[in-house]
Amino acid sequence: MNQLIKDVSPGSSPLEGRIAQRNDLAWALAVGGISTVLAAAALWFTWHFAATLFLIFAGILFGVFLSAVTSLLGKVIGGSHGLRLVLVCVVLTALFAGISMMGGSTIAQQATLLSNTIKAQIVKGKAILEEHGFDTSFMDLSTTPTTAETAAAQATPRSLPSAGALASGGGAIFSQTLKLLLGAVSAVGNFFIVIFLGVCFAAQPAVYRNGLLRCVPRSLRATTAEIVDDAGDVLQRWLLAQMITMTAVFATTAIGLKIIGIPGAFILGIQAGLLAFIPTIGAILGGAIIVLASIASGWIAVLSAFVLFLGVHAMESYILTPLIQRQAINIPPATLFAVQILLGMVFGLWGLALALPLMAIGRVVMDHLGSDLDPETAS
């Protein structure tokens, strides 16, 4: 009798064991399905709102830069965080305004001259390729009529345009003007959005950090706090090192091109310094623009500009980056280049410019998540 009771007891019932297994399987399938749906929704949201997300991330980067400069200033003069941040913002604003007032006209003139020079070199290159039988339709810069089209137009009797033609031309002019205005407003708006977000993040970094931690389950808050703090430290070191590198590239390029005698040396130095923010690809683009702009000054100037580009690139790659950024970010060049190409093809200029800081954050996350599997870390 006792053995019979044990056989039918709840703890040893095969039916209840199967029910428990089915419940576990159903729960696992439900969790897996919900996770898949959430992951798909996150990918869809990232794909459709990538520009906005990159804009917010750029604001966060600017806030990290302001916080880093403010912290460095605190080691020199002390004082509260708010007063030091105001001082940093005032100095940066005065510096930007001074450069705009003193060199604004020069920058505009040199930018126009550089644009005309590059277009002229492209036209010359197109003519040379056409002489050798290459198709150069992809290099058309404008819809300038050919000689035959001009002669045919002159031979055709002229008459007043119809009302429909006038309306169509007016509509085209209005649409192009509106497109240019919207593009300018969007660019200026994005600039001020990044500035505003950066100042807000730098003013109260602890508030946003604690708010992010509140969105994480309690069991994961300690690990998340370590990841956020380490990512912030890595980005601060990298941004400060990157600013030093960009300044050095700008000064060296501008002075070198001025000595060589290349027109638009100042604006070429600015674009080289700005493109230095983008590792590898930025240096290649900057060098190509410099060489292309120097063709009008002769082959000696082209060779000198090319040697200058190689020298600046060597200084950036083998001196500044190893000495300044070695402790900031250590990412293999091939991995960085591959991710840059991928993000650039998928998300355009935003993905290309912000690939390195995104990889830095990803590396911090992977280091924390994989620390338990690393025997050296465990030991």
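Residues numbered from 1 in each chain as written. Predicted model: local features only at pLDDT ≥ 70, side-chain atom pairs only at ≥ 80, totals over all residues. Heavy atoms only, no water.

Engineer: Break down the overall build of the chain for me, citing the residues and quoting the values.
Structural biologist: Secondary structure assignment for the chain yields 15 helices and zero strands. Put simply, of all contacts in the chain between residues at least 6 apart along the chain, 67% involve residues at least 24 apart. (Helix = DSSP H or I, 4+ residues; strand = E, 2+ residues; numbered from the N terminus. Contact = heavy atoms within 4.5 Å.)

Engineer: Before we move on, can you summarise the pattern of salt bridges with the specific residues and values?
Structural biologist: The full count for this structure, using the stated rule, is two salt bridges. Among the ionic pairs, aspartate 229 bridges to arginine 209, the shortest N-O distance being 2.8 Å. Of this pair, aspartate 229 sits in helix H8 (residues 221-260) while arginine 209 sits in helix H7 (residues 205-214), and the two are 20 residues apart along the sequence. When its relative accessible area of 32% is taken as the criterion, aspartate 229 is described as partly exposed. (Salt bridge = Lys/Arg side-chain N within 4 Å of Asp/Glu carboxyl O. Buried < 20%, exposed > 50% of the residue type's maximum accessible area, 1.4 Å probe, protein only.)

Engineer: Summarise the side chain of glutamine 340; cite the residues concerned and give the values.
Structural biologist: Mapping glutamine 340 onto the fold places it in helix H12 (residues 333-347). Residues within four places of glutamine 340 in sequence aside, it is in contact with Ile278, Pro279, Thr280, Ile281, Leu352 and Ala355.

Engineer: Describe the layout of surface pockets, with residues and values.
Structural biologist: To find the voids left in a structure, one rolls a probe of water-molecule size over its atoms. Counted as a void, the largest pocket has a volume near 2,200 Å³. Every residue lining the largest pocket is counted, 42 residues in all, and those nearest its centre are Phe96, Phe191, Met243, Met246 and Leu274. No other element matches helix H4 (residues 81-131), which puts nine residues into the lining of the largest pocket. A per-class count over the lining of the largest pocket returns 34 nonpolar, eight polar and no charged. Considered as a void within the structure, the second largest pocket measures approximately 730 Å³ in volume. Of the residues forming the lining of the second largest pocket, the biggest block, eight residues, is contributed by H8. Residue composition of the lining of the second largest pocket, grouped by class: 13 nonpolar, four polar and three charged. (1 Å grid on protein atoms, 1.4 Å probe; cavity = no way out; pocket = protein on both sides within 12 Å on 5 of 7 lines; lining within 4 Å. Points joined across faces, edges and corners; volume = space filled by probe spheres on them. Nonpolar A, V, L, I, M, F, W, Y, C, P; charged D, E, K, R; others polar.)

Engineer: I'd like a rundown of the confidence of the model for the chain, residues and numbers included.
Structural biologist: Model confidence for the chain is summarised by a mean pLDDT of 75, while 71% of its residues fall at 70 or above. Counted against residues more than four places away or in other chains, residues 141-156, with its pLDDT under 50, gives four contacts. Segment residues 372-379 is flagged for pLDDT under 50; beyond a separation of four residues in sequence, or across chains, it makes two contacts in the model. (pLDDT = per-residue confidence, 0-100.)

Engineer: Any details on empty space enclosed by the protein? Residues and values, ideally.
Structural biologist: The full count for this structure, using the stated rule, is one cavity of 30 Å³ or more. If you add up the space inside the largest cavity, you get close to 120 Å³. At the level of secondary structure, the elements contributing two or more residues to the lining of the largest cavity comprise H8, helix H9 (265-275), helix H10 (281-293) and helix H11 (299-325). Tallied by class, the residues present in the lining of the largest cavity amount to nine nonpolar, five polar and one charged.

Engineer: Got a sec to walk through the nonpolar core? Specific residues and values, please.
Structural biologist: Among the nonpolar cores identified, the biggest contains 40 residues, and Leu61, Leu66, Leu239, Leu257, Leu268, Phe277 and Leu354 are the most heavily contacted of them. Contributing elements (two or more residues each) for this core: helix H3 (50-77), H4, H8, H9, H10, H11 and helix H14 (355-369). Among the elements that make up this core, the one with the highest residue count is H8 (nine residues). Here phenylalanine 277 is in contact with Trp238, Leu239, Gln242, Met246, Ala353 and Leu354, once residues within four sequence places are set aside. (Core = buried A, V, L, I, M, F, W, Y, C linked by side-chain atoms within 4.5 Å.)

Engineer: Describe in detail the packing of aromatic side chains, supporting the description with residues and values.
Structural biologist: Under the defined criterion, the tally for this structure stands at 10 aromatic pairs. Ring geometry for tryptophan 44 and phenylalanine 49: centres 6.2 Å apart, planes at 75°, overall edge-to-face. Judged by centre distance (5.4 Å) and plane angle (80°), the ring pair of phenylalanine 191 and phenylalanine 192 falls under edge-to-face. Look at phenylalanine 191 and you get partly exposed, because its relative accessible area is 42%. The rings of Trp44, Phe45 and Phe49 are connected pair by pair, giving a single aromatic cluster. (Phe/Tyr/Trp six-rings, centres within 6.5 Å; stacked < 30°, edge-to-face > 60°.)

Engineer: Which residues make up the packing of H3 against H8, and what values do they have?
Structural biologist: Where H3 meets H8, the closest approach of the two axes is 9 Å, and the angle between their N-to-C directions is 80°. Judged on the interaxial angle alone, H8 and H3 are roughly perpendicular. Together, Leu61, Val64, Phe65, Ser67, Ala68, Val69 and Leu72 of H3 and Gly232, Leu235, Gln236, Leu239, Leu240 and Met243 of H8 make up the contact between the two elements. For the contact of H3 with H8, the per-class residue count stands at 10 nonpolar, three polar and no charged. (Axes fitted to C-alpha atoms, helices over the stretch in contact; angles between N-to-C directions. Parallel < 35°, antiparallel > 145°, perpendicular 65-115°, else oblique.)

Engineer: I'd like to hear about a nonpolar patch on the surface, residue by residue, with values.
Structural biologist: Where nonpolar side chains cluster on the molecular surface, the patch consists of Trp44, Phe45, Phe49, Leu53, Ile56 and Ile60 and spans about 530 Å² of accessible area. The set of elements that each furnish at least two residues to the nonpolar patch consists of helix H2 (14-48) and H3. At three residues, the largest contribution of residues to the nonpolar patch is made by H3. One can find leucine 53 in helix H3. (Patch = residues over 30% accessible without salt bridge, like charges linked within 9 Å, V, L, I, M, F, W, Y side chains within 5 Å. Areas by Shrake-Rupley, 256 points an atom, 1.4 Å probe, with all protein chains shown as cover.)

Engineer: Before we move on, could you go through the environment of histidine 368 and cite the residues and values that matter?
Structural biologist: Mapped onto the elements, histidine 368 comes out in helix H14. Along the primary structure histidine 368 and threonine 224 are separated by 144 residues, whereas in three dimensions their C-alpha atoms are 9.3 Å apart. If we skip the residues at most four places from it in the chain, histidine 368 touches Glu226, Ile227 and Asp230.

Engineer: Just give me the short version of the packing of H12 against H14, but keep the residues and values in it.
Structural biologist: Two numbers describe how H12 lies on H14: the axes approach to 10 Å, and their chain directions differ by 120°. It follows that H12 is oblique to H14 by the angle criterion. The handedness of the crossing between H12 and H14 is right-handed. For the pair H12 and H14, the contacting residues are Thr335, Leu336, Val339, Gln340 and Leu343 in the first and Ala355, Leu356, Leu358 and Met359 in the second. When grouped by side-chain class, the residues that make up the contact of H12 with H14 number seven nonpolar, two polar and no charged. (Left-handed = near helix turned anticlockwise from the far one by under 90°.)

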